[in-house]
Amino acid sequence: MGTAERHRAPQDGGADERAAGSPPEASEHDVPAAGRDARTPARAEQPQKEREAAYRPLWTEEPARRRRLPDPVRTAAVRAVLVVAVTLILAMVAFLCTLAGSWLAFPMVIGSVAGTVVATWGVLDVWVTRQVWNQRHGVVSAPSSTARAMRRERRRARRQGRSAERAQERIGRRGAGQLSHS
């Protein structure tokens, strides 16, 4: 941040001195303490509305482009990233031990191979967990979602069950067990 930016940046969350009405050539550092009172008001004397009007947030909140991953998928992804990171560290240590001619090179190579197998499993676990979650909870964007069709069938079955129940109640109220009107 250069000198010009430092002079323009508000300190202590207060308003910018130039924005508050002082001439552009006079800054807080250029004006002596006795002369400053006559030209610009002190920060404590500035009205609250002026300070709020000059306040500019550091960033603005924007809505996320994509929704957050479901919890089981996120857990599997974090686990996979950790396993892959450890495997890469093992591989790097194995490589450096090999270059140095250390006895630790062979165990590290074996550990790297085992880590590669586990890392592959971790990545596949993320993929399978995501597919299972999508199938169970439905995908909003896919119109032919399996879960959506299953929900539709369950709703239809519930409606038919309720209508059959109502029909039985109506029959029971009419005749109360009578077969004829005799």
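Preceding block: the structure.
For clarity, every value in this text was computed on a predicted model and none was experimentally measured. (Residues numbered from 1 in each chain as written. Predicted model: local features only at pLDDT ≥ 70, side-chain atom pairs only at ≥ 80, totals over all residues. Heavy atoms only, no water.)

*Asks:* Looking at this model, I keep getting lost on the overall build of the protein chain. Mind explaining?
*Replies:* Counting secondary structure elements, the protein chain contains six helices and zero strands. Relative to its 182 residues, the protein chain shows a buried fraction of 16%. Within the protein chain, contacts between residues separated by at least 24 positions form 46% of all contacts whose residues are at least 6 apart in sequence. With an accessible surface of roughly 15,100 Å², the protein chain has 59% of that area assigned to carbon and sulfur atoms. (Helix = DSSP H or I, 4+ residues; strand = E, 2+ residues; numbered from the N terminus. Buried < 20%, exposed > 50% of the residue type's maximum accessible area, 1.4 Å probe, protein only. Contact = heavy atoms within 4.5 Å. Areas by Shrake-Rupley, 256 points an atom, 1.4 Å probe, with all protein chains shown as cover.)

*Asks:* Please explain the pattern of salt bridges as it appears in this structure.
*Replies:* Side chains that carry opposite charge are capable of pairing whenever their charged atoms lie near each other. Counting across every chain of the model gives three salt bridges. The partner of aspartate 71 in a salt bridge is arginine 74, and the shortest N-O contact between them spans 2.5 Å. Taken together, the residues span about one helical turn, with aspartate 71 and arginine 74 both in helix H4 (residues 71-100) at a distance of three residues. One continuous salt-bridge network, built from bridges that share partners, spans Arg68, Asp71 and Arg74. (Salt bridge = Lys/Arg side-chain N within 4 Å of Asp/Glu carboxyl O.)

*Asks:* Looking at this structure, I do not really get the side chain of aspartate 125. What am I missing?
*Replies:* Mapped onto the secondary structure, aspartate 125 falls in helix H5 (residues 105-137). For aspartate 125, a relative accessible area of 17% gives the class buried. With near-sequence residues (within four places) excluded, aspartate 125 lies in contact with Ala76 and Arg79.

*Asks:* Just checking my understanding: could you explain a nonpolar patch on the surface for this structure?
*Replies:* A grouping of Met92, Phe95, Leu96 and Leu99 is seen on the molecular surface, where their side chains present a nonpolar patch of about 460 Å² in accessible area. With respect to the helices, strands and loops of the structure, leucine 99 is situated in helix H4. Of the residues examined, leucine 99 reaches a relative accessible area of 61% and is grouped as exposed. (Patch = residues over 30% accessible without salt bridge, like charges linked within 9 Å, V, L, I, M, F, W, Y side chains within 5 Å.)

*Asks:* How should I be thinking about H4 in this particular structure?
*Replies:* Given 3.6 residues to a turn, an α-helix orients residues that are three or four positions apart in the same direction. If you check H4, its first and last C-alpha atoms are 44 Å apart, about what 30 residues at 1.5 Å a residue would give, namely 44 Å. Those residues of H4 lying buried are Val73, Ala76, Ala80, Thr87, Ala94 and Cys97. Summarising the contacts, the buried residues of H4 are in contact with H5. With its phi angle positive at about 75°, glycine 101 sits one or two positions after the end of H4. (Expected span 1.5 Å × (residues − 1).)

*Asks:* Would you take a moment to explain the side chain of serine 112 for this structure?
*Replies:* With respect to the helices, strands and loops of the structure, serine 112 is situated in helix H5. With near-sequence residues (within four places) excluded, serine 112 lies in contact with Thr87, Leu90, Ala91 and Ala94.

*Asks:* Just to check I follow, could you spell out the packing of H4 against H5 for this structure?
*Replies:* Helix-helix packing: each pair is described by the crossing angle between the helix axes and the interaxial distance. At a minimum axis distance of 8 Å, the contact between H4 and H5 shows a crossing angle of 160°. Here H5 runs roughly antiparallel to H4, going by the angle between their axes. Of the two elements, H4 crosses H5, and the hand of that crossing is left-handed. For the contact of H4 with H5, a count of residues per class yields 21 nonpolar, eight polar and three charged. (Axes fitted to C-alpha atoms, helices over the stretch in contact; angles between N-to-C directions. Parallel < 35°, antiparallel > 145°, perpendicular 65-115°, else oblique. Left-handed = near helix turned anticlockwise from the far one by under 90°. Nonpolar A, V, L, I, M, F, W, Y, C, P; charged D, E, K, R; others polar.)

*Asks:* Just checking my understanding: could you explain the environment of alanine 77 for this structure?
*Replies:* Along the chain, alanine 77 falls in helix H4. C-alpha separation for the pair alanine 77 and aspartate 125, spaced 48 residues apart in sequence, amounts to 8.3 Å.

*Asks:* Is there a simple way to think about H5 in this case?
*Replies:* The end-to-end C-alpha distance of H5, which contains 33 residues, comes to 47 Å, matching closely the 48 Å that a straight helix rising 1.5 Å per residue would cover. Every buried residue of H5 is listed here: Ala105, Met108, Ser112, Gly115, Ala119, Gly122, Asp125, Val126 and Thr129. Packing partners of the buried residues in H5 comprise H4. Of the residues one or two after H5, glycine 138 is the one with positive phi, at around 80°.

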